[in-house]
Amino acid sequence: MPDIDSFFSSDGPLARAVPGYTARAQQLEMAQAIAGTIASNAVLVAEAGTGTGKTFAYLVPALLAGGKVIISTGTKTLQDQLFNRDIPTVRAALKAPVTVALLKGRANYVCHYHLERTVQDGRASFASREEVKYLKMIERYAGVSKSGDKSGLSEVPENAALWQQVTSTRENCLGSDCPHHKSCFVMEARKQALAADIVVVNHHLFFADVMLRDEGLSELLPACNTVIFDEAHQLPETASLFFGESVSTSQLLDLARDIQAEALLGAKDFAALPLAIAAMEKAARDLRLTIEGENMRMPLAAVMKNAGFGSALDELLARLDALAAMLESQAERSEGLENCWQRTREMTGGIKRWRDEAEAEGFVRWVEVFSHALQLNATPLSIAEIFNKQLSGSPRAWVFTSATLSVKGDFSHYNSEMGLNAGPNASRSACWDSPFDFANQALLYVPTGMSEPSSREYTEEVVKAALPVLKASGGRAFFLCTSLRAMQRVHELLLIAFAREELEFPILLQGQGSRSHMLERFRKMGNAVLIGSQSFWEGVDVRGEALSLVVIDKLPFAPPDDPVLSARIEKINKEGRNAFMEYQLPRAVINLKQGAGRLIRDETDRGVLMICDPRLITKSYGKKIWRSLPPMKRTRNLTEVEEFFARSDATAGV
Ligand code: SF4
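Residues numbered from 1 in each chain as written. Predicted model: local features only at pLDDT ≥ 70, side-chain atom pairs only at ≥ 80, totals over all residues. Heavy atoms only, no water.

In this section: the side chain of Asn415. Considering the arrangement of structural elements, one finds Asn415 in helix H18 (residues 412-418). Looking at Asn415, the relative accessible area reads 7%, which means it is buried. Excluding anything up to four places from it in sequence, Asn415 contacts Val45, Leu420, Asn421, Ser427 and Ser429. (Helix = DSSP H or I, 4+ residues; strand = E, 2+ residues; numbered from the N terminus. Buried < 20%, exposed > 50% of the residue type's maximum accessible area, 1.4 Å probe, protein only. Contact = heavy atoms within 4.5 Å.)

Structure, rendered in C-alpha cells:
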C-alpha cells in the first residue's frame, strides 16, 4: 500500500489539488484506519465529527487499494457530489487510473418498453395536454439520449406523474424476455457499473437491487472488494424497509392499469378480463375506504378491530385469485401478460403472508394509511441477523461512516442494531472528533422555567423562550421541531409574535418549496427563520452568518406509539433488557446530534444551539445526551446568549 501519510500532508497531492486544504490529524488517522480495514477485509464503524474530512479519508485509501469499490450514500445529493466533485478531485490528485460509475435506481431511467406501451395504448390522450407534450419530449429524448437518465430531460418536471408510466419497476420489468433488452438504459447503466472500479449508489438502491441481486446486478456485490457506507446512520431504517415486505393498494391499481394495457394489445378478445380487472380495482379501493383518516401508521391489532377491514381484505384476495387464474390462461399470448400474471401472483402471495400469523413470525405487521392508498407492511423486528448474513460470503472490507453513530463514543447501539457486535463480522469502532473549536465557536443554551414537553402549553412556551434569542441572533435561525403539528403551531405563533414586536425577519416554513430551493432562499435572505421538521434535521449545510442559531423544541424521541418502534421496545423489554436505555435513548441522541450538527459547519462558524426540552437537565439520562454533543460551552442564562451574539456581531463587523 502506498504511503497514505504523504497524500494528506500539507504539501502532498491533496494540498496541491484542493484549494484551502489543511492537513488534519483526525483525517489522516481515519484514512489509515480505513486503509488497514481494506487490507485485512475487516469491518470498521467510524464516526467522524463535522469537518474531519471523512470523504477524502475514505476515498484516498479506497482508490489507492485498487479492486472494486461500492460507495453507498444516504442521499442522492451526496451521491451526485461524490460522483461529480469529490471522486474526480481525488482521482486527479492521486493520478489513480480508476473508472467510476454512478448507478441510480430504475425509476431514474426511461424504459423503452413501458414508453412504447404508453404511446401505443394512447393512455396519455386521457391526461392533460401538458402530459401529451411531455410524452412526446420523453419519446424524442429516449431516441437520442445515451443514458436515458431522466435528470437529462429537465423540461419534464421530476415529479410529473407521467414518469411512472414510462419508467420500470422491479415488478413490471420483463428482464431478459424484454424485446428492448439490448438497448435498455437500466441494463446499460448496470453493465457500466459492473465494469467500473468505483460504483456510487445510494442506500435504497444498495438494498433494493444490489443486496437483493436484481437482474443485471447479481454480479456486482460478489465482485466487490470494499463497500463503504457514508451517512451510515440511515442504514437501520433503510435496511428495515427492504428486508421487510409490503404491498400497497396503489401498487394494485398500477397493476390493474398495466394489465388493462397488456390486455388491449394481447388479449382483446378475452371479454372476461376487463371485468375481473375492474372487480380487483374496486376491491383495492374499498379496502382503503375501510379506514378513516390519513397519514397514519397503525398496528395490525388496531386495524383488525375494524370489522370491515378483514372482510374487505378477504374480498380483495378473492378478486386477486380470480384475476390470477384468468391471466394464467392468457399468459402465453405475450411477455407482458405473462409478467402481469407473475406480479398478480406475487402480490397475492404478499398479502396472504401478511395475513398469516405463522408466516409473520419475527415481523411486525402494520398498516400505513395515505390519503388515497393503504399499504400493508411486514417489518423485521430486528435486522441484525439478516444484515449480518449479507456480510458473510466472499471476504471483503465493510466501512460504515457518519458524523453520528455513537453515544459519546459508545457504538453498542448501532453495532447491535446492524448485527456488527459479535461473530466473524464483529466490527472495530472508532471515533474522530470534529477539529472545530466548539468551546469558543458555539454555545448550548437550555432555557429555564420550561414545563414538561407533554404539557398543553409547551409549544407556546418554546416560542416565548425563543423570541428573545431570535431577536439577539437577528433571525438567521433554524427552528427544528419534532413533529409536523408542532412545526405548524410554531409557525402560527411566530407570525403573530413577529407582527406584534415589529420584527422583520422573513419566515420560511418547510413544504413551501423543495428543500434545495428553500435553502437557497434562506442563504440569500441572510436574516430568515426557517421552521422545519425532519427534512431539515440532516444533510443540510448552511455555512457562515446566515445560520447562527438552531432552536430544537424537544428531544427527538421517536413516537412510542409507532407500530414498529413499540413492537421493538416490547421485544427488548421481554428479553429482560431496558429498551429505553438501549434503544430509544441512543436513537434520540443520534437524531439530536444530526439536528445540532447543522450549526457549526466550518472553522469560522459561530452560533447558539438552543434546546428547549427541560428533560436535558431534569432527567438522569439528560447528562448522557448533552455529553454526546460536541463540547460547546453551556448556559441557562439568556444574558450570556445575548452577549455571545453581540461578540459575534462585533467580530464580524455587523
Ligand atoms: S428490460 Fe425492463 S427496464 Fe429495460 S426496457 Fe425492458 S422492461 Fe424496460
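Take the sheet that holds strand E6 (residues 245-248) next. If you trace the 4 strands from one edge of the open sheet to the other, you get E6-E9-E8-E7, paired in antiparallel fashion. Here the strands that pair on one side only, and so sit at the sheet edges, are E6 and strand E7 (296-299). Each strand axis lies, on average, 20° off the axis of its neighbour in the sheet, ignoring direction. As judged from the 7 bridges shared by strand E8 (residues 363-369) and strand E9 (residues 374-380), these two strands associate in the antiparallel manner. Looking at the pairing, Val369 lines up with Leu374 of E9. Docked against the sheet, helix H12 (residues 249-266) engages E6 and E9, running at close to 60° with respect to E6. (Pairing = 2+ DSSP bridges. Axes fitted to C-alpha atoms, helices over the stretch in contact; angles between N-to-C directions.)

Let us now look at the site of the ligand. Around the ligand sit Arg106, Cys111, His112, Tyr113, Ser168, Cys173, Leu174, Gly175, Cys178, His180 and Cys184, and those are all the residues in its vicinity. Placement of the ligand is best described as lying within the largest cavity. Here the shell around the ligand is built from residues that sort into 6 nonpolar, 4 polar and 1 charged. (Near = heavy atom within 4 Å. 1 Å grid on protein atoms, 1.4 Å probe; cavity = no way out; pocket = protein on both sides within 12 Å on 5 of 7 lines; lining within 4 Å. Sits in = over half its atoms within 2 Å of the grid points. Nonpolar A, V, L, I, M, F, W, Y, C, P; charged D, E, K, R; others polar.)

When the parts come together, some accessible area is lost, and that loss is often what is quoted as the size of the interface. One can read the domain layout of the chain as domain 1 (4-105 + 188-241 + 382-432), domain 2 (110-167), domain 3 (243-380) and domain 4 (438-652). For domain 1 and domain 4, the distance between their C-alpha centres works out to 30 Å. Taken together, the links from domain 1 to domain 4 amount to 4 salt bridges. Where domain 1 meets domain 4, there are 10 residue pairs in polar contact (both at pLDDT 80 or more). For the side of domain 1 that touches domain 4, the class distribution of residues is 3 nonpolar, 9 polar and 5 charged. (Domains from an automatic or database assignment. Salt bridge = Lys/Arg side-chain N within 4 Å of Asp/Glu carboxyl O. Polar contact = N/O pair within 3.5 Å; in protein donor to acceptor, adjacent residues only side chain to side chain.)

Those residues of helix H17 (residues 384-391) not exposed but buried are Ala384, Phe387, Asn388 and Leu391. One face of H17 carries all of its buried residues, which in axial projection span an arc of 100°. Facing away from the buried surface of H17 by more than 90 degrees, the exposed residues are Glu385 and Lys389. Buried residues belonging to H17 abut helix H10 (203-211), strand E5 (226-229), helix H11 (235-243), strand E10 (397-402) and H18. Downstream of H17 by a residue or two, Gly393 has a phi angle that is positive, lying close to 105°. (Arc of directions from axis to C-beta.)

The next thing to look at is the environment of Gly36. Mapping Gly36 onto the fold places it in helix H3 (residues 25-39). Accessibility expressed as a relative area gives 36% for Gly36, which makes it partly exposed. Remark: the alpha-carbon pair of Gly36 and Pro61, spanning 25 residues in sequence, is separated by 8.9 Å.

On to helix H5 (residues 76-94). Across its 19 residues, H5 extends 25 Å between first and last C-alpha, which sits within 8% of the 27 Å expected from 1.5 Å per residue. At Leu82, H5 shows its strongest bend, of approximately 45°. Residue Lys95 follows H5 closely and has a positive phi angle near 50°. (Expected span 1.5 Å × (residues − 1). Bend = angle between axes of the 7 residues up to and from the residue.)

Contact geometry of helix H20 (residues 458-473) with helix H21 (residues 484-500) gives a least axis separation of 10 Å together with a crossing angle of 50°. Here H20 is positioned oblique relative to H21, judged by the angle of their axes. As H20 packs across H21, the resulting crossing turns out to be right-handed. Of H21, the residues touching H20 (which contributes Thr459, Glu460, Val463, Leu467 and Leu470) are Ala486, Arg489, Val490, Leu493, Leu494, Ala497, Phe498 and Arg500. Taken together, the residues of the contact of H20 with H21 break down into 9 nonpolar, 1 polar and 3 charged. (Parallel < 35°, antiparallel > 145°, perpendicular 65-115°, else oblique. Left-handed = near helix turned anticlockwise from the far one by under 90°.)

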